[in-house]
Amino acid sequence: MNKENSYITDEIHEECGVLGVYDLDGNDVLSTLYYGLFALQHRGQESCGIAVSDTNGPKGKVLSCKGMGLISEVCTDESLENLKGNIGVGHVRYSGAGENSIHNTQPLVLNYIKGTLCIAQNGSIINTEELREELEYTGAIFQTTIDTEVIAYHIARERLTSKTVEEAVTKAMKKLVGAYSLVIMSPRKLIGARDPFGFHPLCIGRKGSSYILASETAALNAVDAEFVRDVLPGEVVMINKDGIYSDTSLCTNNHARCIFEYIYFARPDSHIDGVSVYNSRIMAGRILAQTNPVEADVVVGVPDSGNAAALGYALESGIPFGMAFVKNSYVGRTFIKPKQAARTSSVRIKLNVLPEVVEGKRVVMIDDSIVRGTTCAKIVKMLKKAGATEVHVRISSPPFLYPCYYGTDVPTGDQLIARNNTIDQIRQMIGADSLGYLALDRLNDIIGKGMGYCDACFTGNYPTKLPKCVSKEEKK
Ligand code: SF4
């Protein structure tokens, strides 16, 4: 993302959402893929794709539709017309790692000696460089700059000495370090795999004769499927005509779920590893009210993820909850495109304040995070312009201090406002009357005790080694 665009958005992005469907009775899966992906659009808006095949047809015949943009822009009636098949995978992408180009769109379709592999990934592996080199020195030529291709090559290579494709996936996973939730389509099987830390979610659903693998349970709801269970961190599941097979040989109890999935990325109507995303946001708001109380007249949330946390704050503090913001839901990728867009108006296009809610009032404004502070400052200004007498900002996460290497675009050190400024300095910079963050030691309370989670962007305690290219300075 270039500097100008990141200034406009000033928010953290997820990299991807994945989906896989296999209908055991041979029914067409295209509409389930389409609507399921639609429900995952919030996880990536820069490119998307669908690939389907027929498990009873010729091996290796894969039909796909991929492109830059939203699902509604890429997957038109015309482009989907011939995509018939009873097995398929889909992907939505935000280009955190690997440039944003048509070559990097997923699912990747790979033809090799054993047939075809179609693969879609959410997350980032951190030893891509080493794994890529290992392949390049043995003659591999890469067509993309994404680590998904490196993973696919390693699976294909392991497949040559494995009895089954799922065995090859397990063997390849032993080499991967980092975050990955994968859906893989082979000519006769659908496979799902989640890294042993369980950074990003992956769940299993069922609708009639169809099995579904999805990044979030919200995608299952969207296609009227039943939730079966989460894929365990480290688990490989294989679905074929005989049902589900599971390999848990790489599962451990050492988990590092991305805590930011609960705070911001995932939809509030999703459950991740048995925890309601909505409830975790309500809890974050309640904790903020306990730890950062203030006298005020109304609590408002910055849409979308700030809303549930604001409700939690209101419930705990007894201060009335108000809907102060009207969001333009139709601002998509095209909005980020124009480089000449007036910077001052960018937030206003996305968000408008209702003076009826804030005029003459002391306002508590809840947001999920502050990255550079530019957007937060604009929103505070908008509230004051609309007549708020005081604006007290409460953030439902701790301050961002370190970059993320696991598939989200938390930027490096100096771009993070909290890295070089005290809380009071940040308060002044955003023009707030007071500022409070969720305390680090209360993060555990938002998802429940005993759930291993990653908080490296707040603490610098990375659960894995770091990529080779990260300098000593950046590691501090
Ligand atoms: S570093 Fe932060 S954003 Fe990245 S996986 Fe960990 S908690 Fe999530």
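Keep in mind that what you see is a predicted model, and the values were worked out from it rather than measured. (Residues numbered from 1 in each chain as written. Predicted model: local features only at pLDDT ≥ 70, side-chain atom pairs only at ≥ 80, totals over all residues.)

Asker: How should the overall build of the protein chain be read in this particular structure?
Answerer: The number of helices and strands found in the protein chain is 19 helices and 24 strands. Taken against the 2.2 N^0.38 rule, which gives 23 Å for 476 residues, the C-alpha radius of gyration of the protein chain at 22 Å falls within 12% of a compact globule. Every one of the 476 residues in the protein chain was classed for burial, and the buried ones make up 53%. Pairs at least 24 apart in sequence give 72% of the contacts found in the protein chain among residues at least 6 apart. (Helix = DSSP H or I, 4+ residues; strand = E, 2+ residues; numbered from the N terminus. Rg over C-alpha atoms; globule rule 2.2 N^0.38 Å. Buried ≥ 20, exposed ≤ 12 C-beta atoms within 10 Å, placed from the backbone. Contact = placed C-beta atoms within 7 Å.)

Asker: I keep staring at the site of the ligand and nothing clicks. Help me out?
Answerer: Neighbouring the ligand are the residues F199, C258, I259, F260, C404, Y406, T408, V410, C454, D455, A456 and C457. Every element with two or more residues in the shell around the ligand is listed here: α9 (259-265) and α18 (456-459). Residue composition of the shell around the ligand, by class: ten nonpolar, one polar and one charged. (Near = placed C-beta within 6 Å. Nonpolar A, V, L, I, M, F, W, Y, C, P; charged D, E, K, R; others polar.)

Asker: What exactly am I supposed to notice about the packing of helix α5 (residues 128-136) against helix α6 (residues 147-159) here?
Answerer: To describe two helices that pack against each other, one gives the angle between their axes and the distance between the axes. Relative orientation of the contacting elements α5 and α6 amounts to 50 degrees, with a least axis distance of 10 Å. When the interaxial angle is binned, α5 and α6 end up oblique. Helix-helix and strand crossings are classified by hand; for α5 and α6 the assignment is left-handed. Note on element contacts: α6 touches α5 through D147, V150, Y153 and H154, opposite T128, L131, R132 and L135. Looking at the contact of α5 with α6 residue by residue, the classes come out as four nonpolar, two polar and two charged. (Axes fitted to C-alpha atoms, helices over the stretch in contact; angles between N-to-C directions. Parallel < 35°, antiparallel > 145°, perpendicular 65-115°, else oblique. Left-handed = near helix turned anticlockwise from the far one by under 90°.)

Asker: Whenever I open this one, the domain arrangement of the protein chain confuses me. Can you help?
Answerer: The figure often quoted for interface size is the accessible area lost as the parts come together. Domain annotation of the protein chain identifies domain 1 (11-255) and domain 2 (277-329 + 339-451 + 469-475). Taken over C-alpha atoms, the centre of domain 1 sits 33 Å from the centre of domain 2. With 15 residues of domain 1 at the interface, the matching set in domain 2 holds ten residues. Residue composition of the side of domain 1 that touches domain 2, grouped by class: four nonpolar, seven polar and four charged. (Domains from an automatic or database assignment.)

Asker: For this particular structure, what's the right way to read the sheet that holds strand β3 (residues 62-68)?
Answerer: Backbone-to-backbone hydrogen bonds join strands into a sheet, with any given pair of strands oriented parallel or antiparallel. Pairing is antiparallel in the open sheet, where seven strands are placed in the order β3-β2-β4-β1-β10-β9-β11. Unpaired on one side and paired on the other, β3 and β11 (226-230) mark the two borders of the sheet. On average, each strand axis in the sheet is tilted by 15 degrees relative to the strand beside it, whichever way the strands run. Sheet analysis places strand β2 (residues 47-53) next to strand β4 (residues 87-93), joined by seven bridges and oriented antiparallel. In the sheet register, G49 faces β4, and the bridge partner there is H91. Across the sheet, helix α2 (residues 30-38) is in contact with β1 (16-23), β2, β4, β9 (203-207) and β10 (210-214); its angle to β4 comes to roughly 20 degrees. (Pairing = 2+ DSSP bridges.)

Asker: Explanation requested: the nonpolar core in the structure shown.
Answerer: In a soluble, globular protein the nonpolar side chains are often hidden away together inside. Judged by nonpolar contacts, the single largest core of 146 residues is most densely connected at L19, V299 and M365. Counting residues per element, this core draws most heavily on helix α10 (residues 277-291), which supplies seven residues. Structurally, this core is a two-domain feature, drawing no fewer than three residues from each of domain 1 (11-255) and domain 2 (277-329 + 339-451 + 469-475). If near-sequence neighbours (up to four positions away) are discounted, M365 is found in contact with V300, V302, I379, V380, L383, V391, H392 and V393. (Core = buried A, V, L, I, M, F, W, Y, C linked by C-beta atoms within 7 Å.)

Asker: Got a minute to help me understand the environment of P293 in this structure?
Answerer: Topologically, P293 is positioned in the loop between α10 and β17 (298-301). For P293, a count of 16 C-beta atoms within 10 Å translates into the label partly exposed. Distance from P293 to Y313, taken between C-alpha atoms, is 9.1 Å for residues 20 residues apart in sequence.

Asker: Can you help me understand the confidence of the model for the protein chain in this one?
Answerer: For any part of a model where pLDDT is low, the fine detail of the predicted coordinates should not be relied upon. Scored by pLDDT, the protein chain has a mean of 90; 91% of the residues are at 70 or more. Predicted confidence is poor over residues 1-9, with pLDDT under 50, and the contacts of this stretch with residues over four places away or in other chains come to ten contacts. In this model residues 333-344 is a low-confidence stretch, pLDDT under 50, and it forms 13 contacts with partners more than four residues away in sequence or in other chains. (pLDDT = per-residue confidence, 0-100.)

Asker: Looking at this structure, I do not really get the sheet that holds strand β8 (residues 189-194). What am I missing?
Answerer: Across the sheet, which stays open at both edges, the six strands sit in the order β5-β6-β7-β8-β12-β13 with antiparallel pairing between neighbours. Looking along the sheet, the strands with just one partner apiece sit at the ends: β5 (108-112) and β13 (243-247). Taken over all neighbouring pairs, the strand axes of this sheet differ in orientation by 20 degrees on average, direction set aside. Here strand β6 (residues 115-122) pairs with strand β7 (residues 181-186) via five bridges, running antiparallel. Bridging across to β7, Q121 finds its partner in L182. In the packing of α6 onto the sheet, the strands contacted are β5 and β6, and the crossing angle to β6 comes to about 140 degrees. Together, β7, β8, β12 (236-240) and β13 form the strand contacts of helix α7 (residues 165-173), whose direction differs from that of β8 by roughly 20 degrees.

Asker: Can you walk me through the packing of α6 against α7 in this structure?
Answerer: Direction vectors running N to C along α6 and α7 enclose 125 degrees, while the axes themselves pass 8 Å from each other. Judged on the interaxial angle alone, α7 and α6 are oblique. The crossing of α6 and α7 is right-handed. When α6 is examined against α7, the residues I151, H154, I155, E158 and R159 are found in contact with a partner set consisting of V165, A168, V169, K171 and A172. For the contact of α6 with α7, the residue count by class is six nonpolar, one polar and three charged.

Asker: Please explain the UniProt feature "binding site: Mg(2+)" (unreviewed entry) in the protein chain as it appears in this structure.
Answerer: Mapped onto this structure's residue numbering, the UniProt feature "binding site: Mg(2+)" (unreviewed entry) falls at S305, D367 and D368. Spanning 64 residues, the named residues form one tight spatial group whose C-alpha atoms are at most 7.3 Å apart. You can see D367 is positioned in strand β21 (residues 362-367). Excluding residues within four positions of it along the chain, D367 makes contact with V302, G306, C376, V393 and I395. When you line up the elements, D368 lands in the loop between β21 and α15 (374-385). When residues no more than four places from it in sequence are discounted, the contact partners of D368 are I263, Y264, S305, G306, A309, S396 and S397. (UniProt positions renumbered as here; feature names shortened; annotations may be inferred.)

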